[in-house]
Amino acid sequence: MAALTKLSSFRLPPLPTIGEIIKLYNLRAEKQLSQNFLLDLRLTDKIVRQAGCLRDAHVCEVGPGPGGLTRSILNAGATDVLVVEKDTRFISGLKLLSEAAPGRVRIVHGDILTYRMDRGFPDTISKPWDGDPPNLHIIGNLPFNVSTPLIIKWLENIANRTGPFAFGRTQLTLTFQKEVAERLTASTGSKQRSRLSIMAQYLCTVHNCFTIPGRAFVPKPKVDVGVVHFTPLVQPQIQHPFKLVEKVIRNVFQFRRKYCYKGVEKLFPEASRFELTQKMLQNADVDPTLRPTELTIPQFRALADAYAHLCTHEPSLLHYEFREELRLKPLTKQGNKPEDTFIMD
Ligand code: SAM
């Protein structure tokens, strides 16, 4: 009973609906900022439930826009909600929300790609990496145009325990285009298995929570949207510097429909390519005729181990980039670069 009374004290007083806020402040969606709004509070409540218990939580919300998801976060009991919004037009509406929840909303007018989240919350909320996650959550109905660079940046932060992960294993609940959500969570052998699957899953437990049909957004995007929840692992499944792991994964997936040795080859300069590819695959005990999508994370770990081992003997390998070499190569008679047949994920 006491808990119920406490939770009801978090609930917001009556406010104009999100539709009314959009009309009141004339908030026409800007395509350039990937603005697709959620007006249905049952849906925003459902997204917020995927984050787990938000009682007394600190939350960073990415791109609050007119504030629908923000309302659900507040109603779930978060006591400190820091919203980062790039579009100045939304600030007045967010101030209205902040007045309705005194002391619980902090508004940052800025770009989430450069915002220093490690400075946004008190150190006192930190939890040891090998303990429970801190009571800090990142939640956002992400703008499509920044979702992939943003998650890659945060995965690097997880590997280095920096940014939002300086506080511990901060959990994330984020939306992505359905196709990207499927890649993030794809298992070995599935059609959607890609660079993003390995990058996310070697560092986090990743869960594709549910799909929101495009028609639920205003304006309606061309695609459906997936809600994905991430919890950083105590022990990453591959224990090498992020840049090295990223390089191995990126190269292996360079030719995603071919045998994996084709991508592995591209880690090495032409002169030593054949010999070092053989060595790396042998040391990793990986069948060269497996396709990139068929490789498990332990196999990627073995590949990263074998590549790191070769690099300790020949450090210049770390700086070798096949694409750079390709860029410098002269064109063939047909006007193509000699091996210019990438299929990118
Ligand atoms: N949260 C709102 C909702 O669910 O209705 C709006 C979501 S809309 C898909 C994306 C929001 O992110 C917009 O408000 C947009 O202005 C904002 N945005 C776009 N790029 C951003 C960036 N780099 N940093 C912070 N906010 C950004």
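Every value quoted in this text rests on a predicted model; they were computed, and no experiment measured them.

What about the overall build of the protein?
Phase 1: On a plain count of helices and strands, the protein comes out with 13 helices and 9 strands.
Phase 2: Projected onto the principal axes, the alpha-carbon positions of the protein cover approximately 70 × 50 × 30 Å.
Phase 3: Here the analysis covers contacts within the protein between residues at least 6 apart in sequence; of these, 70% occur between residues at least 24 apart.
Phase 4: Here the protein has roughly 16400 Å² of accessible surface; of this, 53% comes from carbon and sulfur atoms.
Phase 5: Between the averaged position of the 46 positive side-chain charges in the protein and that of its 34 negative side-chain charges there is a distance of 4 Å.

Examining the sheet that holds strand S9 (residues 225–232)
Phase 1: Pairing in this open sheet of 7 strands is mixed, and the strands run S4-S3-S2-S5-S6-S9-S7 from one edge to the other. The outermost strands of the open sheet, each flanked by one partner alone, are strand S4 (105–109) and strand S7 (204–212). The sheet shows a mean angle of 20 degrees between the axes of neighbouring strands, taken without regard to direction.
Phase 2: Contacts from helix H5 (residues 91–100) reach strand S3 (80–85) and S4, with the element oriented near 165 degrees to S4.

Some words on the confidence of the model for the protein
Phase 1: Overall, the predicted model of the protein reaches an average pLDDT of 92, with 93% of residues at or above 70.
Phase 2: Per-residue pLDDT stays below 50 along residues 338–345; that stretch engages in 26 contacts with residues further than four places along the chain or on separate chains.
Phase 3: Confidence estimates for the predicted assembly give a pTM of 0.92 and an ipTM of 0.99.

Describing the pattern of salt bridges
Phase 1: One pass over the full model with this rule turns up 12 salt bridges.
Phase 2: Measuring nitrogen to oxygen at the nearest pair gives 2.8 Å for the salt bridge that ties Glu-179 to Arg-183. Note that Glu-179 and Arg-183 are positioned in helix H7 (residues 178–185) at a spacing of 4 residues, about one turn of the helix.
Phase 3: The class for Glu-179 is partly exposed, based on a relative accessible area of 47%.
Phase 4: Overall, the relative accessible area of 22% leaves Arg-183 in the partly exposed class.
Phase 5: The shortest N-O distance in the salt bridge between Arg-195 and Glu-246 comes to 3.6 Å. Here Arg-195 is found in helix H8 (residues 195–203), whereas its partner Glu-246 is found in helix H9 (residues 242–252), with 51 residues between them in sequence. Glu-246 matches Arg-195 in its accessibility class, with the two residues each being buried.
Phase 6: Through salt bridges that share partners, Arg-195, Glu-246, Arg-250 and Glu-321 make up one connected network.

Focus: the site of the ligand
Phase 1: Among the 21 residues in the neighbourhood of the ligand, the closest are listed as Gln-35, Gly-63, Glu-85, Asp-111 and Asn-141.
Phase 2: One of the backbone N or O atoms of Leu-38 is found 2.8 Å from an oxygen atom in the ligand.
Phase 3: Asp-111 is positioned such that a nitrogen or oxygen atom in its side chain is 2.8 Å from a nitrogen atom of the ligand.
Phase 4: Protein contact buries 99% of the 600 Å² of open area that the ligand shows by itself.
Phase 5: Assessed atom by atom at 2 Å from the grid points, the ligand resides in the largest pocket.

Looking at the packing of aromatic side chains
Phase 1: Considering all chains together, one arrives at 6 aromatic pairs under this definition.
Phase 2: Arranged with centres 6.1 Å apart and planes meeting at 65 degrees, the rings of Phe-176 and Phe-230 form a pair that is edge-to-face. You can see Phe-176 sitting in strand S6 (residues 171–177) and its partner Phe-230 sitting in strand S9, a full 54 residues away along the chain. Residues Phe-176 and Phe-230 agree in their burial class; the two are buried.
Phase 3: Ring plane angle 55 degrees and centroid distance 6.1 Å describe the contact between Phe-268 and Tyr-307, whose orientation is recorded as tilted. You can see Phe-268 sitting in the loop between helix H10 (260–265) and helix H11 (273–284) and its partner Tyr-307 sitting in helix H12 (residues 297–313), a full 39 residues away along the chain. Assigned by exposure class, Phe-268 and Tyr-307 land together as buried.

Some words on empty space enclosed by the protein
Phase 1: Enumeration according to the criterion identifies 1 cavity of 30 Å³ or more in this entry.
Phase 2: The calculated volume of the largest cavity comes to roughly 30 Å³.
Phase 3: Lining the largest cavity we find Leu-15, Ile-21, Pro-66, Arg-71, Gly-93, Leu-96 and Leu-97.
Phase 4: Here the lining of the largest cavity takes 3 residues from H5, the largest share from any one element.
Phase 5: Along the lines of polarity and charge, the residues of the lining of the largest cavity split into 5 nonpolar, 1 polar and 1 charged.

About the thresholds
- Residues numbered from 1 in each chain as written.
- Predicted model: local features only at pLDDT ≥ 70, side-chain atom pairs only at ≥ 80, totals over all residues.
- Heavy atoms only, no water.
- Helix = DSSP H or I, 4+ residues; strand = E, 2+ residues; numbered from the N terminus.
- Contact = heavy atoms within 4.5 Å.
- Areas by Shrake-Rupley, 256 points an atom, 1.4 Å probe, with all protein chains shown as cover.
- Lys, Arg positive; Asp, Glu negative; His and termini not counted.
- Charge placed at Lys NZ, Arg CZ, Asp CG, Glu CD.
- Pairing = 2+ DSSP bridges.
- Axes fitted to C-alpha atoms, helices over the stretch in contact; angles between N-to-C directions.
- pLDDT = per-residue confidence, 0-100.
- Salt bridge = Lys/Arg side-chain N within 4 Å of Asp/Glu carboxyl O.
- Buried < 20%, exposed > 50% of the residue type's maximum accessible area, 1.4 Å probe, protein only.
- Near = heavy atom within 4 Å.
- Polar contact = N/O pair within 3.5 Å; in protein donor to acceptor, adjacent residues only side chain to side chain.
- 1 Å grid on protein atoms, 1.4 Å probe; cavity = no way out; pocket = protein on both sides within 12 Å on 5 of 7 lines; lining within 4 Å.
- Sits in = over half its atoms within 2 Å of the grid points.
- Phe/Tyr/Trp six-rings, centres within 6.5 Å; stacked < 30°, edge-to-face > 60°.
- Points joined across faces, edges and corners; volume = space filled by probe spheres on them.
- Nonpolar A, V, L, I, M, F, W, Y, C, P; charged D, E, K, R; others polar.

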